[in-house]
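# An overview of the molecular structure
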Amino acid sequence: MSKESTVRLISAEGFEFVIDYEAACVSNTIKNMLSSQGSFTESELGEIKFPEISTPILEKVCQYFYYKLRYTNSTHDIPPFDIAPEYALELLMASNYLDT
């Protein structure tokens, strides 16, 4: 994958997730950050820092992006997207912020 086709999402602890641009754009917030006009760090470097989102939560968010890409408009049975109960509240807050 070329640098332009990937995005780096950085968790509060500094862990970096390199994901496809298309997957990142499942989030309207990320899509807007990456496509904004002007010289913003996010659009120039293709990286976004999330100081309020922990590594395990951001990892699950990235997994969801790929899950949504794969199963949107699917005509087959869609498997459940499992979420551990202890992450439910944090994931809800992250998904609200990310507009997913």
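Residues numbered from 1 in each chain as written. Predicted model: local features only at pLDDT ≥ 70, side-chain atom pairs only at ≥ 80, totals over all residues. Heavy atoms only, no water.

As annotated in an unreviewed UniProt entry, the chain carries the name Elongin-C and comes from Chloropicon roscoffensis. For the record of the chain, the UniProt heading Sequence similarities (unreviewed entry) holds the text "Belongs to the SKP1 family." Within the UniProt record for the chain, the comment given under Subcellular location (unreviewed entry) is "Nucleus". (UniProt positions renumbered as here; feature names shortened; annotations may be inferred.)

### So, the overall build of the chain
Across its full length, the chain holds 5 helices and 3 strands. Counted from the first residue to the last, the chain has its helices and strands arranged as β-β-α-α-α-β-α-α. A compact globule built from 100 residues should have a C-alpha radius of gyration of about 13 Å, and the chain, at 14 Å, falls within 12% of that. Each principal axis of the C-alpha distribution contributes one length, and for the chain these read about 40 × 30 × 20 Å. Counting over 100 residues, the chain shows a buried share of 32%. At a minimum sequence separation of 6, the contacts of the chain that also span at least 24 residues come to 60%. For the chain, the accessible area works out to roughly 6,700 Å², and carbon and sulfur atoms hold 52% of it. Charge-centre separation for the chain: the mean point of 7 positive side chains lies 5 Å from the mean point of 15 negative side chains. (Helix = DSSP H or I, 4+ residues; strand = E, 2+ residues; numbered from the N terminus. Rg over C-alpha atoms; globule rule 2.2 N^0.38 Å. Buried < 20%, exposed > 50% of the residue type's maximum accessible area, 1.4 Å probe, protein only. Contact = heavy atoms within 4.5 Å. Areas by Shrake-Rupley, 256 points an atom, 1.4 Å probe, with all protein chains shown as cover. Lys, Arg positive; Asp, Glu negative; His and termini not counted. Charge placed at Lys NZ, Arg CZ, Asp CG, Glu CD.)

### A closer look at the packing of helix α4 (residues 55–71) against helix α5 (residues 88–98)
Running from N to C, α4 and α5 cross one another at 60 degrees; their axes reach a closest spacing of 10 Å. For the element pair α4 / α5, the angle class is oblique. In this structure, α4 crosses over α5, and the sense of that crossing is right-handed. Counted together, Ile57, Lys60, Val61 and Phe65 of α4 and Glu90, Leu91, Ala94 and Leu98 of α5 form the full contact between these two elements. Its residues assigned to classes, the contact of α4 with α5 shows 6 nonpolar, no polar and 2 charged. (Axes fitted to C-alpha atoms, helices over the stretch in contact; angles between N-to-C directions. Parallel < 35°, antiparallel > 145°, perpendicular 65-115°, else oblique. Left-handed = near helix turned anticlockwise from the far one by under 90°. Nonpolar A, V, L, I, M, F, W, Y, C, P; charged D, E, K, R; others polar.)

### What about the nonpolar core?
In this structure, Leu9, Ile19, Ile30, Phe50, Val61 and Phe65 are the most contacted members of the largest nonpolar core, which totals 20 residues. Going through the elements one at a time, β1 (6–10), β2 (16–20), α1 (21–24), α2 (28–35), α4 and α5 are the ones with two or more residues in this core. Among the elements that line this core, the one with the most residues is α4, at 5 residues. In this structure, Phe65 is in contact with Leu9, Ile19, Ala23, Ala24, Val26, Ser27, Ile30, Leu98 and Thr100, ignoring residues within four places of it in sequence. (Core = buried A, V, L, I, M, F, W, Y, C linked by side-chain atoms within 4.5 Å.)

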